[in-house]
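Topology and contacts: notes
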Amino acid sequence: MLRLSRRRLLQGAGAAGLVAAQPALAASSPALLVYDSRIPESAAFAAASANPARHDLAQGRLDPRRIAVIGRIEGLTRHSDYVALSLALRLQGMRRHDDRRLPPSISTRDHLFRWSLGREPQINRWG
């Protein structure tokens, strides 16, 4: 059962603010935001985003048909969820753009990763 305290809520808000300030990840808005509502930091990350396209991992798996039309996915999840998603999304043509582990001062209980996956642009090599 999720025990939400004031301290955990404030940590989550701090994590969301720190992660949103990362220039490499905040350069463009993602087509889909992935988070886990069972983790306060991840829920705060989703609440801080203005992106309406979201998927909560607590509600179930991503639908492969939904992934086929998405160009970019960003998330704040546990490392195990990130690894499983990145492997599945590679089969859909997605590649890693950025990933970083949150420092222990922000993520105390769960080893959280802020990540970004996207489709590589098609390059015409023949001119």
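Preceding block: the structure.
Residues numbered from 1 in each chain as written. Predicted model: local features only at pLDDT ≥ 70, side-chain atom pairs only at ≥ 80, totals over all residues. Heavy atoms only, no water.

**Remarks on the pattern of salt bridges**
- Using the criterion set out here, one finds 6 salt bridges in the structure.
- A salt bridge links Arg 38 to Asp 36, with the nearest nitrogen and oxygen atoms 2.8 Å apart.
- Residue classification places Arg 38 among the partly exposed positions, given a relative accessible area of 42%.
- For Asp 36, a relative accessible area of 0% corresponds to the buried category.
- Salt bridges here are not isolated pairs; linked through shared partners, they connect Asp 36, Arg 38 and Arg 78. (Salt bridge = Lys/Arg side-chain N within 4 Å of Asp/Glu carboxyl O. Buried < 20%, exposed > 50% of the residue type's maximum accessible area, 1.4 Å probe, protein only.)

**What to know about helix α4 (residues 79-90)**
- Compared with an ideal rise of 1.5 Å per residue, which puts 12 residues at 16 Å, α4 spans 16 Å between its outermost C-alpha atoms and is within 8% of the ideal.
- Residues Tyr 82, Leu 85, Ser 86 and Leu 89 constitute the buried set of α4. Axial view of α4: buried residues confined to an arc of 100°, hence all on one face.
- Contacts from the buried residues of α4 go to β1 (32-35), α3 (64-67), β3 (72-78), β4 (94-101) and β5 (112-119). (Helix = DSSP H or I, 4+ residues; strand = E, 2+ residues; numbered from the N terminus. Expected span 1.5 Å × (residues − 1). Arc of directions from axis to C-beta. Contact = heavy atoms within 4.5 Å.)

Coordinates in, geometry out; function isn't part of it.
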